[in-house]
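# A closer look at the structure
Below are the chains, spelled out letter by letter.
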Number of protein chains: 2
Amino acid sequence: MLDNRKKRILKAIVDEYIGTAEPVSSGSISKKNGIDFSSATIRNEMAELEKTGYLDKPHTSSGRVPSEKGYRLYVDELIKDDNISLEEIKYISSKLETKVNEIEDLTRITASTLSEITHYTAVSIGPKSEIQNIEEVKFVLLGSRMLMAVILTDTGMIKETIIKFNEDITEKQVETLNFIFNNKLKGKPLAEIDTPLEKYIFSQMNYSVAIIRKVIEQIKKVINEQDNKIYLEGAKQVFDLPEFKSLETAKKFINLLDTKEIMLDLLDSGFAQDINVYIGSENSAKELKDFSIVTFKHKIGNKDMGTIGIIGPTRMDYSKVISVLKYISKKLNNKN
Amino acid sequence: MLDNRKKRILKAIVDEYIGTAEPVSSGSISKKNGIDFSSATIRNEMAELEKTGYLDKPHTSSGRVPSEKGYRLYVDELIKDDNISLEEIKYISSKLETKVNEIEDLTRITASTLSEITHYTAVSIGPKSEIQNIEEVKFVLLGSRMLMAVILTDTGMIKETIIKFNEDITEKQVETLNFIFNNKLKGKPLAEIDTPLEKYIFSQMNYSVAIIRKVIEQIKKVINEQDNKIYLEGAKQVFDLPEFKSLETAKKFINLLDTKEIMLDLLDSGFAQDINVYIGSENSAKELKDFSIVTFKHKIGNKDMGTIGIIGPTRMDYSKVISVLKYISKKLNNKN
DNA sequence: TTTTAGCAATCAGATAATGAGAGTGCTAAA
DNA sequence: TTTAGCACTCTCATTATCTGATTGCTAAAA
C-alpha cells in the first residue's frame with residue numbers, strides 16, 4: 001500500500017504526463033503546489049514508485065512515465081469525477097436537447113458530443129436486436145412491386161426497409177401481412193422473425209411462399225445490419241495527439257477503428273456497471289494494448305439502450321472523460 | 001506544338017513518375033522500349049520540355065517531374081482509356097449487380113468500387129432534389145402521435161422521415177394528407193413542398209395548421225439534408241501514398257475532405273461532358289491545388305443521377321481512373 | 001531519521017561535418 | 001543529329017560532436 005505522499009506524487013506525475021506527454025522530472029513536481037519537497041526527495045520517492053511498478057522510465061536519464069499499474073491506481077483512487085466546466089455542461093445540455101426520432105440517433109449524438117468535448121475518438125452502437133421486442137410492424141405498398149416494411153421496437157428503434165418483387169403485390173396481400181405480423185409478433189422479441197414465422201404465415205394465407213420468404217429475409221437482413229453498425233465520431237482528432245505523430249501509428253489506429261470485430265467486441269465487453277475503463281493491455285484485443293478505452297452502456301431501467309466507447313492513448317484524460325460521461329449518464333436518465 | 005518524339009518522352013516520364021513518385025532521370029527513360037536514344041539525347045529533349053513548361057525540376061541535379069501543363073497534355077492526348085484488366089471488369093460487374101433499392105445506394109456503391117480499384121479517395125452525392133419530381137408521397141401512422149412520411153421521386157430516390165406530434169393524429173387525417181399530397185404533387189418538382197402548399201392544405205382541410213406546418217417543415221428538412229449529404233469512401237487509402245508521408249499533409253487532406261462546402265462545390269462543378277479532370281490549380285478551390293480531381297456525373301438520358309469524384313495527388317493514375325470510369329459509365333447506362 | 005544540496009554520469013536530440021551517389025549541362029567527337 | 005565523357009551540383013545517409021535535461025548517489029544539514 002502506498003502512503004499518502006507517494007500517492008500525491010503519483011497523482012502529480014500522472015496529471016502532468018496527461019497534460020504534456022513528456023516524461024516528468026522530479027524538478028517539475030517539486031514545484032507543484034501541495035508538494036513542497038526538494039527534487040532530491042521527490043527523486044527518492046520516484047525511485048520507490050518505479051521499484052513497486054507504478055512508474056516507468058524510458059531511459060536512464062529521463063523523467064518518469066506512469067505504468068499501466070500507475071494509471072490503474074490513478075483511475076481507481078486518485079481522480080475526481082466532477083471535472084467538468086459550466087461551458088461543457090451547457091454544451092452537453094444543448095446537444096442532448098436535439099429532437100431525435102430514433103434511439104440510435106440519441107446514442108450517436110451522445111457519442112459525437114463526447115468526442116467533441118474530450119477530443120478523443122468515440123464509437124457507438126445502438127441497442128442489440130436480441131434484447132428488443134417488437135412494438136409494431138407496418139407494411140406499406142410503394143408502387144405495385146415495392147413494399148416497405150417498418151418495424152418499431154420497445155426501445156424506440158424504428159427501422160424501415162424496402163423489398164422489391166418481380167410480381168405485383170395487391171393491397172389485400174399487404175393488409176394480410178399487416179394483420180398477421182402484428183397479431184403474431186406484437187410484444188415478441190425481434191428474433192421471432194424467422195423461418196417458423198414464414199411457415200406459419202404460409203399456413204395462414206395462400207399466396208406465394210417466395211413473397212413471404214423475401215419479406216422475412218429482407219427484414220432479417222436489415223436487423224442484422226443494424227446490429228453490426230458502428231458509428232464513428234472524431235477519428236481525425238487523433239492527429240493532434242503527440243503519440244500519433246508517426247504516420248505508422250496513425251495508420252495503425254485508423255485501421256484498428258476499421259476492424260469491425262474488434263470494435264464490436266470492445267463495445268460488447270462492458271460489465272454491468274455503467275462506466276468501464278480498460279487501460280492498455282487490460283483490453284481483450286492485443287491490438288488495443290497501446291490504447292485506453294472507456295465504455296458506457298446507456299440504460300433505461302435495466303434495458304440496454306446502446307453503448308458508447310471512447311478510445312484514446314493510455315495517457316488519456318481519464319478524469320475529464322469519466323466526469324463528462326457521468327454527467328451525460330445522469331442527464332439521459334432524467335430525460336426519460 | 002510538340003513533335004512526336006517529345007510527346008513520347010513526355011508520356012514516358014509521366015508514366016514513370018506516376019509509378020514511382022520519384023523525379024525521373026534521363027537514363028531511366030533511354031532504357032524504355034520504344035525510346036532508343038542515349039541519355040544525352042533525352043537530356044536535351046528534357047531541357048526543351050522544361051523550357052516550354054511541360055516539366056519541372058525540383059533542383060539542379062535532380063530528374064524531371066511533370067508540370068500541370070505536362071499532366072494536362074498527358075491527359076488530353078497521350079493516355080489510353082481502356083486501361084482496365086479482366087479482373088477489374090469482373091469485380092466491377094459483380095459489385096454493380098448488387099441489388100439496390102435507392103439511387104443513392106447505387107452512387108455510393110459505384111464510388112466505393114472505384115475507390116477500391118484505384119486506391120484513391122472517392123466522394124459522391126445523390127441527385128439534387130431540385131431536378132427531381134415527386135412520384136408518390138405516402139403517410140403512415142406509427143403509434144398515435146408519430147407519422148412517417150415516405151417520398152418517392154422519379155429518379156428513384158426514396159426518403160422517409162418521422163414526424164412526432166404532441167397531439168393524437170387520426171387515421172382520417174392521415175388519409176386526407178395522403179389524398180391531398182398525391183393529388184396536388186404527383187409529377188411536380190420536390191420544391192413544391194413549401195409554404196404555398198401548406199396554405200393550400202389548410203384551406204382544404206380544417207385541422208390544426210401546426211400539424212401541417214410540422215409535416216412540411218420536416219419533409220423540407222430531410223430533403224435539404226439529402227442534398228448536402230456527401231458520401232466518402234476510402235479516405236484512409238491516402239496513407240499509402242508517398243505524398244502523404246508527412247503527417248501535416250495527411251492532416252490537411254483529411255480536413256479538406258471534411259469541408260463540406262469545398263466537396264459540394266467540387267461535385268457540382270462538372271461540365272456537361274461525362275468525365276471531367278481537374279489538375280492541381282485548375283481546381284476552383286485553392287485548397288485543392290495540390291490534388292487532382294476526376295468527376296463523373298452519372299446520367300440516365302439527360303437526367304442527373306448523382307456525381308462521383310475521385311481525389312488523389314496530381315500524380316494520379318489518370319489512365320486507370322478514366323478507363324474504369326468509362327467502363328462503369330457504360331455499364332450503368334446499359335443497366336437502365 | 002528525514003531532507004536536501006551538490007555533483008558526476010548518462011543519454012536523447014539537435015547540429016555540424018563528411019562522403020557517396022545520382023543526375024545534370026555542356027563540350028567535343030562520332 | 002547523336003552520343004560519349006566529364007566536371008559540377010545537390011540530396012540524402014552516415015558519423016561525429018555538442019548541449020542540456022535528468023538521474024542516482026553521497027555527504028551534509030535539519
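Everything numeric here is computed off the predicted structure, so don't read it as measured data.

Bringing the overall build of chain A into the picture now. Helix and strand counts for chain A come out as twelve helices and ten strands. Across its three principal axes, chain A shows a C-alpha extent of roughly 90 × 40 × 35 Å. Expressed as a percentage of the 336 residues in chain A, the buried residues total 53%. Sequence-distant contacts in chain A: of pairs separated by 6 or more residues, those separated by 24 or more amount to 61%. Accessible surface, chain A: about 15,700 Å² in total, of which carbon and sulfur atoms supply 49%. Charge separation in chain A, taken as the distance between the mean sites of 49 positive and 50 negative side-chain charges, equals 1 Å.

Glancing now at the packing of aromatic side chains. Overall, the coordinates contain eleven aromatic pairs over all chains when judged by the stated rule. On the basis of an interplanar angle of 40 degrees and a centroid distance of 5.0 Å, the ring pair of phenylalanine 253 of chain B and phenylalanine 291 of chain B is categorised as tilted. Here phenylalanine 291 of chain B lies in strand 9 (residues 291-300) and phenylalanine 253 of chain B lies in helix 10 (residues 247-258), a separation of 38 residues in the sequence. The two residues phenylalanine 253 of chain B and phenylalanine 291 of chain B agree in class, both being buried. Ring pairs connect the aromatic residues Phe244, Phe253 and Phe291 of chain A, which therefore count as one cluster.

Attention now moves to the domain arrangement of chain A. All names here are of chain A. What the domain assignment reports for chain A is domain 1 (4-78), domain 2 (86-126 + 229-334) and domain 3 (130-227). Computed over C-alpha atoms, the centres of domain 2 and domain 3 are 34 Å apart. Counting from both sides, the interface comprises nine residues of domain 2 and, opposite them, ten residues of domain 3. Here domain 2 and domain 3 share an interface that buries about 820 Å² over both sides, 44% of which is from carbon and sulfur atoms. Of all residues in domain 2, Glu102, Lys229 and Lys303 give up the largest surface area on contact with domain 3, accounting jointly for 48% of the area buried on that side.

Next up on the list: the protein's contact with DNA strand D. Around DNA strand D sit 20 residues in total, of which Ser26 and Arg64 of chain A together with Thr41, Thr60 and Ser61 of chain B are the nearest. The share of sugar and phosphate among atoms of DNA strand D within 4 Å of the protein is 74%. Take serine 61 of chain A: an N or O atom from its main chain is 3.4 Å from a sugar or linking oxygen of DNA strand D. Between DNA strand D and threonine 41 of chain B there is a distance of 2.6 Å, counted from a phosphate oxygen to a side-chain nitrogen or oxygen.

Residue and element names in this part refer to chain B. With antiparallel pairing, the three strands of this open sheet are ordered in space as 4-5-6. At either margin of the open sheet sits one strand with a lone partner, and together these are strand 4 (134-142) and strand 6 (158-164). Sheet twist, expressed as the mean angle between neighbouring strand axes with direction ignored, is 20 degrees. Where strand 5 (residues 146-153) and strand 6 come together, seven bridges link them in antiparallel fashion. Residue pairing across strands places isoleucine 151 opposite lysine 159, the latter belonging to strand 6. Most of the contacts of helix 7 (residues 171-185) go to strand 4, to which it runs at about 175 degrees, and overall it touches strand 4 and strand 5.

We now examine the environment of lysine 229 of chain A. Residues and elements named next belong to chain A. Mapped onto the elements of the fold, lysine 229 is located in the loop between helix 9 (209-227) and strand 7 (231-233). A relative accessible area of 41% places lysine 229 in the partly exposed class. Along the backbone, lysine 229 and asparagine 101 are 128 residues apart, and their C-alpha atoms lie at a distance of 18 Å. Once residues within four sequence positions are removed from consideration, lysine 229 is found in contact with Ser124, Ile125 and Lys260.

The next subject is the pairing of strand 10 (residues 303-313) of chain A. When you tally the buried positions in strand 10 of chain A, you get ten out of eleven residues, the bulk of the element. Remark: two residues form the turn of the hairpin made by strand 9 (residues 291-300) of chain A and strand 10 of chain A, two consecutive strands paired antiparallel; glycine 301 of chain A in that turn has positive phi of roughly 65 degrees.

Turning next to the relation of the copies chain B and chain A. At an RMSD of 0.1 Å, chain B and chain A line up after a rotation of 180 degrees and a shift of 0.0 Å along the axis. Such a turn and shift between the copies fits a two-fold axis. Considering only C-alpha atoms, the part of chain B nearest the rotation axis is leucine 247 of chain B, at 3.0 Å. Take the interface residues of chain B: 100% of them recur as interface residues in chain A, which is what a same-surface contact looks like.

Let us now look at the sheet that holds strand 8 (residues 275-279) of chain B. Residue and element names in this part refer to chain B. In spatial order, the strands read 7-3-10-9-8; together these five strands make up an open sheet with antiparallel pairing. The open sheet has two free edges, formed respectively by strand 7 (231-233) and strand 8, since each of these has just one partner strand. Recorded for the sheet is a direction-independent mean angle of 20 degrees between the axes of neighbouring strands. Here strand 9 runs beside strand 10 (residues 303-313); their pairing, made up of nine bridges, is antiparallel. Opposite threonine 295, over in strand 10, you have glycine 309 as the bridge partner. Along the sheet face, helix 6 (residues 103-118) touches strand 3 (121-125), strand 7, strand 9 and strand 10 and points at about 25 degrees away from the line of strand 10.

With 28 residues of chain B at the contact, the number on the chain A side is 29 residues. Both faces considered, chain B and chain A share a buried interface measuring about 2,500 Å² in area, 63% of it formed by carbon and sulfur atoms. Applying the counting rule to chain B against chain A returns four salt bridges. Seen at the junction of chain B and chain A, the total is 16 residue pairs in polar contact (both at pLDDT 80 or more). The set of elements that each furnish at least two residues to the side of chain B that touches chain A consists of strand 4, strand 5, strand 6 and helix 10 of chain B. Residue composition of the side of chain B that touches chain A, grouped by class: 14 nonpolar, four polar and ten charged.

The rules behind these values
- Residues numbered from 1 in each chain as written.
- Chains lettered and ligands numbered in written order.
- Predicted model: local features only at pLDDT ≥ 70, side-chain atom pairs only at ≥ 80, totals over all residues.
- Heavy atoms only, no water.
- Helix = DSSP H or I, 4+ residues; strand = E, 2+ residues; numbered from the N terminus.
- Buried < 20%, exposed > 50% of the residue type's maximum accessible area, 1.4 Å probe, protein only.
- Contact = heavy atoms within 4.5 Å.
- Areas by Shrake-Rupley, 256 points an atom, 1.4 Å probe, with all protein chains shown as cover.
- Lys, Arg positive; Asp, Glu negative; His and termini not counted.
- Charge placed at Lys NZ, Arg CZ, Asp CG, Glu CD.
- Phe/Tyr/Trp six-rings, centres within 6.5 Å; stacked < 30°, edge-to-face > 60°.
- Domains from an automatic or database assignment.
- Buried area = accessible area lost by both parts, 1.4 Å probe.
- Near = heavy atom within 4 Å.
- Polar contact = N/O pair within 3.5 Å; in protein donor to acceptor, adjacent residues only side chain to side chain.
- Pairing = 2+ DSSP bridges.
- Axes fitted to C-alpha atoms, helices over the stretch in contact; angles between N-to-C directions.
- Least-squares fit on C-alpha atoms with pLDDT ≥ 70 in both.
- Salt bridge = Lys/Arg side-chain N within 4 Å of Asp/Glu carboxyl O.
- Nonpolar A, V, L, I, M, F, W, Y, C, P; charged D, E, K, R; others polar.

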